[in-house]
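This is what each chain is made of:
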Amino acid sequence: MSNIIQDIDIIDRNSQEAMETVKTSKEENTGKAKKLYIESYGCQMNFADSEIVTSIMKENGYDTTSDFESADVVFLNTCSIREKAEQTVRNRLNHFNAVKKNKPEMTIGVLGCMAERLKDKLLEEEKIVDVVVGPDAYRDLPKLVESAEDGLKAVNTFLSREETYADISPVRLNSNGVTAFISIMRGCDNMCSFCVVPFTRGRERSRDPHSIVREAQDLFNQGYKEVTLLGQNVDSYKWSEAENNKAWLEKKEKTGEEVEVVNFARLLEMVALVSPELRVRFSTSHPKDITDEVLHTMKKYENICKYIHLPAQSGNSRVLDLMNRTYTREWYINRVDAIRDILGEECGISSDMIAGFCTETEEEHQDTITLMDYVKYDFSYMFFYSERPGTLAAKKFEDDIPLEVKKRRLQEIIAKQQEISLERNKLDVGKVHKVLIEGTSKRSEEQLQGRNTANKVVIFPRGNHQKGDYVNVLVNDCTAATLFGEVVA
């Protein structure tokens with residue numbers, strides 16, 4: 001296990017999606033003049049952004065390709081959350097360099113969070129790069145690529161307070177045809193001291209709910225059976241016809257002025273009402289913002305999945321304060337208790353955990369372990385702390401926990417999560433679960449896999465069932481990561 005921790009410092013033992021940290025464009029031939037290859041790293045927001053980028057480029061004469069050597073334009077949509085993520089991109093650029101030497105007319109662009117963090121410095125450090133574009137400037141890509149083709153390197157890392165790409169219909173990349181992501185907001189107003197996202201994705205702004213519902217309806221009409229509403233902090237979604245400015249809306253609310261606002265609970269309901277056959281998920285929730293209203297909305301609609309990703313980061317209040325998470329251990333436990341009271345013990349809860357944050361003591365590390373014991377997470381994304389340039393933590397705190405201590409603490413968190421995940425999955429044995437089939441199992445063509453409402457992977461014999469079907473599965477066995485069963489009537 002120590003080798004795993006050394007090799008990859010973001011670990012989620014139970015989520016297959018987390019291991020798919022790289023996605024590439026698909027092969028398409030509709031007769032357009034040029035080919036686009038796009039490679040995406042990091043979070044689901046990045047993958048959703050790549051679908052927006054693809055839509056923009058298709059409108060400007062590009063088909064996609066899964067072979068970068070045949071591409072006219074190569075984009076890397078990057079993550080900046082950890083140093084290792086950026087190093088992966090730099091290594092990949094070295095790989096592309098050999099191809100570009102033989103094909104100098106190829107345009108190479110770096111998009112997303114790494115582009116936003118480094119800006120034109122990236123052009124100096126990586127001579128192969130022609131275009132550098134931040135998350136709010138994707139509409140400008142065709143013009144920037146054209147400039148690069150004329151021999152002028154191009155940068156646009158302007159961060160917007162309005163851009164939501166609400167009018168752009170994403171091109172679904174690597175889609176299974178069953179599940180899809182819908183971006184409902186952009187940016188983040190939370191200044192967690194360890195995080196670069198506010199600096200790379202800008203201020204928070206919410207997308208028009210009517211465009212979100214239209215996108216969900218269009219996906220359902222195309223045969224999709226599940227959508228996941230995406231945002232850095234979905235619970236702070238807030239939109240008004242009068243003014244789509246969160247600070248303005250909150251000021252009006254404090255003064256008692258009546259303004260019709262669509263909050264996240266209302267948006268959830270609007271999407272759930274598209275069809276009872278369309279499952280609705282969402283990510284990510286912030287513990288300071290998730291409300292009982294959201295939980296009661298989840299309870300009201302069977303097709304809103306009973307699963308919440310609720311990152312804790314630490315189980316100790318002093319460390320949470322240093323992280324600027326703006327809640328305490330007690331507040332977090334209160335929110336977990338509300339989830340259990342309203343949605344029941346079977347509601348899936350997952351978390352993010354950081355081991356070895358600045359000045360964390362052994363006793364404070366143990367507070368994280370005991371929080372895990374209390375909450376009983378179904379799975380977690382687990383990290384050791386990695387200092388990121390420009391963050392509040394990098395400016396104010398010394399990264400003073402030795403690497404070997406960070407790794408040992410992370411290993412203890414992983415071991416604890418393995419134990420709890422198995423314990424939680426054993427509770428599902430002997431029960432019938434409604435499962436949406438997403439495709440064949442990775443281990444056998446004779447088995448299908450899907451997820452239950454709590455976001456757990458369930459594997460069962462193929463039979464006569466098809467991708468996109470809902471089936472009832474009696475679970476008869478499990479591991480810490482997976483449920484196994486048989487379809488029942």
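1. Topic: the environment of Arg-205
Then step 1. Topologically, Arg-205 is positioned in strand β11 (residues 205-206).
Then step 2. Spatially, the C-alpha atoms of Arg-205 and Val-458 are 36 Å apart, while their sequence positions differ by 253 residues.
Then step 3. Residues within four places of Arg-205 in sequence aside, it is in contact with Asp-136, Ser-160, Arg-161, Glu-162, Glu-163, Thr-164, Met-185, Arg-186 and Gly-187.
Then step 4. Here Ser-160 takes part through its backbone oxygen, which lies 3.4 Å from a polar atom of the side chain of Arg-205.
Then step 5. Reaching out from Arg-205, the side chain makes a polar contact with the backbone oxygen of Glu-163 at a distance of 2.9 Å.

2. What about the environment of Pro-135?
Then step 1. If you trace the backbone, Pro-135 turns up in the loop between β7 (131-133) and α7 (141-149).
Then step 2. Put simply, Pro-135 and Thr-164 are 29 residues apart on the chain and 10 Å apart in space, counted from C-alpha to C-alpha.

3. Thoughts on the packing of aromatic side chains
Any two aromatic rings considered together are summarised by their centre-to-centre distance and by the angle between their planes.
Then step 1. As enumerated under the stated definition, the model contains eleven aromatic pairs in all.
Then step 2. Ring geometry for Phe-68 versus Phe-96: centroids 4.7 Å apart, planes at 70 degrees, classification edge-to-face. Note that Phe-68 is positioned in the loop between β4 (62-64) and β5 (73-78) and Phe-96 in helix α4 (residues 83-102), a separation of 28 residues in sequence. A single burial state applies to Phe-68 and to Phe-96, both of which are buried.
Then step 3. When the ring of Tyr-327 is compared with that of Tyr-332, the centres are 6.1 Å apart and the planes differ by 35 degrees; the resulting orientation is tilted.
Then step 4. Positioned above the aromatic ring of Phe-384, the side-chain terminus of Arg-82 is 5.6 Å from the ring centre.

4. Focus: the pattern of salt bridges
Then step 1. Counted by the stated rule, this structure contains 46 salt bridges.
Then step 2. Between Arg-117 and Glu-86 there is a salt bridge, and its shortest N-O distance comes to 2.7 Å. Highlighted residues: Arg-117 in helix α5 (residues 113-118) and Glu-86 in helix α4, separated in sequence by 31 residues.
Then step 3. When salt bridges that share partners are traced, they join Asp-49, Asp-136, Arg-186, Arg-201 and Arg-205 into one network.

5. A few points about the sheet that holds strand β23 (residues 482-488)
Backbone hydrogen bonds are what pair the strands of a sheet, in a parallel or an antiparallel way.
Then step 1. Spatial ordering of the closed barrel is given by β19-β20-β21-β23-β22, a layout of five strands whose pairing is mixed. For this sheet, the mean angle separating the axes of adjacent strands, direction not counted, is 55 degrees.

6. Some remarks on helix α17 (residues 403-426)
Then step 1. With 24 residues, α17 should reach 34 Å at 1.5 Å per residue; the first-to-last C-alpha distance of 35 Å fits that figure.
Then step 2. Of all the residues in α17, the buried ones are Val-405, Lys-406, Arg-409, Leu-410, Ile-413, Ile-414, Lys-416, Gln-417, Ile-420, Ser-421, Arg-424 and Asn-425.

Calculation criteria
- Residues numbered from 1 in each chain as written.
- Predicted model: local features only at pLDDT ≥ 70, side-chain atom pairs only at ≥ 80, totals over all residues.
- Heavy atoms only, no water.
- Helix = DSSP H or I, 4+ residues; strand = E, 2+ residues; numbered from the N terminus.
- Contact = heavy atoms within 4.5 Å.
- Polar contact = N/O pair within 3.5 Å; in protein donor to acceptor, adjacent residues only side chain to side chain.
- Phe/Tyr/Trp six-rings, centres within 6.5 Å; stacked < 30°, edge-to-face > 60°.
- Buried < 20%, exposed > 50% of the residue type's maximum accessible area, 1.4 Å probe, protein only.
- Lys NZ or Arg CZ within 6 Å of the ring centre and 35° of its normal.
- Salt bridge = Lys/Arg side-chain N within 4 Å of Asp/Glu carboxyl O.
- Pairing = 2+ DSSP bridges.
- Axes fitted to C-alpha atoms, helices over the stretch in contact; angles between N-to-C directions.
- Expected span 1.5 Å × (residues − 1).

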